[in-house]
Amino acid sequence: MKKFQRFKAFIILKQLSTSFASLIFSFLFFSSLFLVLLSLSLTSCLHKETHAKENLPSESPISFEENGNEYYADRILIGYSDEEKINSILNLLNGKLVVHIPEIKVISVKVENVDKTLQLLGNELIRGKYGIRYAEYVYVRKLVPFEINTRPDNYETKKLVATLSEYTNYSGESLDLYLWGLRAIKIKDTWSDGHRGEGVIVAVLDTGVDGTHPDLQGQVVEGYRPSTDEVLAEGTDSSFGGSHGTHVAGTIVAKSDGKGIVGVAPGAKVMPVVLFDNGGWYVGDDYAAKGIIWAVNHGAKILNNSWGGAGYSQTIKDAFDYALERGVVVVAAAGNSKAIQSYQYPANYPGVIQVGAVEFNGGDYTVADFSSGSPMISVCAPGVSIISTMPQEGSRGYDRRSFALAENNGYYGYMTGTSMATPHVSGLVALLLQKYPNAKPWQIRKILEESAVDIGEKGYDEKAGYGLVNASAVNQNLPVDGGLDYRLTVTDAYGKWNVPSVSVSLVGVASNGRNIRYFAKTNAEGIAKFISIDAGDYDVIVSGPDSKENSEGLMRIAHRKAEERTLTFHQTLNESKSDIVRFSSQASLEIDIPEVGVNPQIVFLDVTKLPTETGYEITKDLTSNTVDFSELSGRYLIKLRLSQKAYESISVSGTLTINGTHIPIGGKILEDATETYIYDSNGPYAWWTLFGKSD
Ligand code: CA
């Protein structure tokens, strides 16, 4: 026992961040985001462009995550904290700047090997030094080919024509008989009141739009092609990615000129933003986010998103939050997977108007079988056998499954999907924004929901939402309550470390009686944003930081399930509000101190706080074999240290108890060494995440 007493060591708890004052470090969660364009009419590579330009997404090498998600192997997204450090970051990574989005403080960088870059950035000290808030892959999204009808004489269309014949000349357009969607939402009632979307710009985030189409001439304003940073002149052909975007655009703004078709909002304008480029390749999250923000900055009041997919991306969410916080209405397709889901994005981000598809069976309207459902679905709209504009012959996106109309030589075609339902809603929103130009996104959404015609299950349901949208929405008054912004900051016990990667769910009953569930994660600043959501009584369930985050090293805040914290509280939300919740934790280390061996005199005490360039460290005197360090907050490596070299190696073992979970640990001070990190199954350098002691 004498020997035991002479063995003393330190537990060194070394905080990983640069300084306590700048503890808002952030991490991007390798959300397994992969977005796919829904029901896109893949053009079978017809007229596929071959661009000489470097770096077009389709020419980037692709790698795969274990879960199958694809990402571009030569690009990485990096959230920065200081714009002046961008050049240093580029030098560090030996990379080239690809995209810079100052509005959400993110860059993408072309690097030789993204995984090696991620390994480098897994080093907390480096991230701190360069002010890197987070880093993540640039994911690849895919096109989903689907069938479109080539001619208006197919069975389905014939059936529609027969049924619609009693409504001849509803719209005054020559293809009037096939425009069942306009009848379904009773749009004409609204036009006759002078609401046609005048003065409203709808960004179509899609494959680009053929603005030379005779039914779109004058309807397409300046747009943006993020992959080449080109501003697209108004009225030009930008259908780089195929026919899908032109079809969507026609449903929104095709001209009322007696020829062809007419859109829901012929008085509005469409702004093409090319997110699916070069024959249909998804440009990547970096360019996509840039495109979203470009649209907001250039006057778009509505973002039409006829695309989506599984996975949660903070970068994409930041971009849409940027829109919602500026009063821009975000409309998104629910998807065509048929399933009830809550993981399709952007449709399931809070504040987004999620749209399902309706079909017409010659008498009643029903939700289309393929239409995905969600607890977050808002409304549904016509989405089966929708006729609309298609790129002209000779255009970039020409699709041979379209047909030419003799009277205006315009090309038209039919498409089916929630992709087609979404622009019906965007068009209706344009009418609403003509009338209420300063409406908040939640006010617009509530008007649509309150005026929707219930279909399917009685009352709100997860397939039809509140039902089929109806143009009577325009006659409704703007609601004065029932919607709000909610921002929840998750911080440590002392309010000094705002914690990213925490899941926040609002589960409860909205003020109109509907069961509801919103989901968001805390961003790089530790804030979970719920912009333009419904008022209601909610349980706020806060859980994380997620120890299962996919990202090797980079976005991971916690390594162990035991480090995650969960708390639930009740919140009645009637008006916009910001909340703060504090995590706390408990941690203690028990060391089984060994017999020291032949030369116990090598060990003596030298209690110092070790200064390093990374700042904060704590040294504890191991005066007993148990040390409690629950008061610490942050991420720590834990080290045992002697004050003098060991004559022979010393093995230590013990238990680290964190939040009630006992975790076996070990360590070995080698001969001639003075210290060892303690390790568990995550290895010796996996930090321990703590949130401090609550009062
Ligand atoms: Ca027309």
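Above this text you will find the structure in question.
Cut-offs applied
Residues numbered from 1 in each chain as written. Predicted model: local features only at pLDDT ≥ 70, side-chain atom pairs only at ≥ 80, totals over all residues. Heavy atoms only, no water. Helix = DSSP H or I, 4+ residues; strand = E, 2+ residues; numbered from the N terminus. Contact = heavy atoms within 4.5 Å. Areas by Shrake-Rupley, 256 points an atom, 1.4 Å probe, with all protein chains shown as cover. Donors = N, O, S within 2.8 Å, 3.2 Å for Na, K, Ca; no water. Expected span 1.5 Å × (residues − 1). Buried < 20%, exposed > 50% of the residue type's maximum accessible area, 1.4 Å probe, protein only. Axes fitted to C-alpha atoms, helices over the stretch in contact; angles between N-to-C directions. Left-handed = near helix turned anticlockwise from the far one by under 90°. Phe/Tyr/Trp six-rings, centres within 6.5 Å; stacked < 30°, edge-to-face > 60°. Lys NZ or Arg CZ within 6 Å of the ring centre and 35° of its normal. Core = buried A, V, L, I, M, F, W, Y, C linked by side-chain atoms within 4.5 Å. Pairing = 2+ DSSP bridges. Parallel < 35°, antiparallel > 145°, perpendicular 65-115°, else oblique. Nonpolar A, V, L, I, M, F, W, Y, C, P; charged D, E, K, R; others polar.

Caption draft 1: Examining the overall build of the protein more closely. Within the protein one finds 12 helices and 39 strands. For the protein, the proportion of contacts with a sequence separation of at least 24, taken over those separated by at least 6, is 77%. When the accessible surface of the protein is split by element, carbon and sulfur atoms take 48% of a total near 24,800 Å².

Caption draft 2: Just the coordination of the calcium ion, in detail. Protein coordination of the calcium ion is provided by Glu173 (OE), Asp215 (OD), Asp215 (OD), Lys255 (O), Asp257 (OD), Lys259 (O) and Ile261 (O), with donor distances spanning 2.3 to 3.0 Å. Of note, the calcium ion draws all its donor residues from one chain, in the sequence arrangement E-x41-D-x39-K-x1-D-x1-K-x1-I. Of the two residues, Glu173 sits in the loop between helix H5 (155-164) and helix H6 (180-184) while Ile261 sits in the loop between helix H8 (244-253) and strand S12 (269-274), which places them 88 residues apart along the sequence.

Caption draft 3: Molecular detail of helix H11 (residues 418-435). A rise of 1.5 Å per residue sets the reference length of H11, with its 18 residues, at 26 Å; its end C-alpha atoms lie 26 Å apart and thus fit the reference within 8%. Burial within H11 is extensive, with 16 of its 18 residues counted as buried.

Caption draft 4: The arrangement of the environment of Gly413 in detail. With respect to the helices and strands, Gly413 occurs in strand S24 (residues 410-415). Spatially, the C-alpha atoms of Gly413 and Thr389 are 6.5 Å apart, while their sequence positions differ by 24 residues. Filtering out sequence-adjacent residues up to four positions away, Gly413 remains in contact with His247, Ile386, Ile387, Ser388, Met390 and Phe403.

Caption draft 5: Representation of helix H9 (residues 285-297) in the model. A rise of 1.5 Å per residue sets the reference length of H9, with its 13 residues, at 18 Å; its end C-alpha atoms lie 18 Å apart and thus fit the reference within 8%. Of all 13 residues making up H9, 11 are buried, and the element is well covered by its neighbours. The set of residues buried in H9 consists of Asp285, Asp286, Tyr287, Ala288, Ala289, Gly291, Ile292, Ile293, Trp294, Ala295 and Val296. Immediately downstream of H9, the backbone of Gly299 shows phi near 100°, a positive value.

Caption draft 6: Region of the structure containing the packing of H8 against H11. Following both chains from N to C, one finds H8 and H11 inclined at 35°, their axes separated by 8 Å at the closest point. Remark: the crossing between H8 and H11 carries right-handed chirality. Two secondary-structure elements touch here, H8 through His244, His247, Val248, Thr251 and Ile252 and H11 through Ser419, Met420, Pro423, His424, Ser426 and Gly427.

Caption draft 7: Just the packing of aromatic side chains, in detail. Within this structure, the stated rule accounts for 18 aromatic pairs. An angle of 40° between the planes, with centres 6.5 Å apart, marks the rings of Phe320 and Tyr349 as tilted. Placement of the pair is Phe320 in helix H10 (residues 314-325) and Tyr349 in the loop between strand S18 (344-345) and strand S19 (353-360), with a sequence separation of 29 residues. Residue classification places Tyr349 among the buried residues on the basis of a relative accessible area of 3%. A centroid spacing of 5.2 Å and a plane angle of 65° characterise the contact between Phe583 and Phe691, whose relative ring orientation is edge-to-face. Taken together, the positions of Phe583 in the loop between strand S31 (577-582) and strand S32 (587-592) and Phe691 in strand S39 (residues 688-691) put the pair 108 residues apart, joining distant regions of the chain. Here a set of aromatic residues connected by ring pairs shows up, and it is made of Trp180, Phe360 and Tyr365. Above the ring of Trp688, the side-chain terminus of Arg560 is found at 3.6 Å from the ring centroid.

Caption draft 8: Just the side chain of Thr491, in detail. Along the chain, Thr491 falls in strand S25 (residues 483-491). For Thr491, a relative accessible area of 2% translates into the label buried. Setting aside residues no more than four positions away along its own chain, Thr491 makes contact with Lys496, Trp497, Asn498, Val499, Ile580, Val581, Arg582 and Phe583.

Caption draft 9: Expanded view of the nonpolar core. In this structure, Ile187, Ile302, Ile387, Val425, Val429, Ile444 and Leu448 are the most contacted members of the largest nonpolar core, which totals 74 residues. With nine residues, the single largest contributor to this core is H11. Membership of the second largest hydrophobic core comes to 73 residues, among which are Ile101, Leu205, Ala295 and Phe691.

Caption draft 10: Quick look at the pairing of S19. For S19, the buried fraction is high: seven of the eight residues fall into the buried class. For strand S17 (residues 329-333) and S19, the ladder comprises three bridges, and the chain directions are parallel. Each residue of the ladder has a partner; that of Ala333, found in S19, is Val355. The pairing of S19 with strand S21 (residues 379-382) spans four bridges and is classified as parallel. Looking at S21, one finds that Gly356 is bridged to Cys380.

Caption draft 11: The arrangement of the sheet that holds S32 in detail. Strand order in this open sheet of four strands is S34-S32-S36-S37, and the pairing throughout is antiparallel. Both edges of this open sheet fall to strand S34 (626-628) and strand S37 (661-669), since each of them pairs with a single strand only. Taking the axes of each pair of neighbouring strands and ignoring which way they run, one obtains an average angle of 20° across the sheet. One ladder, built from six bridges, connects S32 with strand S36 (residues 650-658); its direction is antiparallel. Bridged to Ala587 within S36 is Ile658.

Caption draft 12: Highlighting the packing of H9 against H10. Packing of H9 against H10 leaves a shortest axis separation of 9 Å and a crossing angle of 5°. Classified by the angle their axes make, H9 and H10 are roughly parallel. Seen from H9, the contacting residues are Asp285, Ala288, Ala289, Ile292, Ile293, Val296 and Asn297; seen from H10, they are Thr315, Ile316, Ala319, Phe320, Tyr322 and Ala323. In terms of residue class, the contact of H9 with H10 is made up of 10 nonpolar, two polar and one charged.

Caption draft 13: Representation of the sheet that holds strand S30 (residues 565-573) in the model. Taking strand neighbours across the sheet as the criterion, the four strands line up as S27-S26-S29-S30 in an open arrangement whose pairing is antiparallel. A single partner strand is all that each edge strand has here, and the edge strands are strand S27 (515-521) and S30. Here the strands of the sheet are splayed against their neighbours by 15° on average, with no regard to which way each runs. Pairing between strand S26 (residues 503-510) and strand S29 (residues 536-544): eight bridges, direction antiparallel. Bridge pairing in S29 places Ser503 opposite Ser543.

Caption draft 14: Seen up close, unusual backbone geometry. The omega angle of the peptide bond from Tyr345 to Pro346 is 10°, so this bond is cis rather than trans. Mapped onto the elements, Pro346 comes out in the loop between S18 and S19. Of note, the amide linkage connecting Gly544 to Pro545 takes the cis form, showing an omega dihedral of -5°. Residue position: Pro545 is located in the loop between S29 and S30. Phi angles above zero are rare outside glycine, and Lys338 is one such case at about 80°. For Lys338, the position within the fold is in the loop between S17 and S18. With relative accessibility at 47%, the residue Lys338 sits in the partly exposed group.

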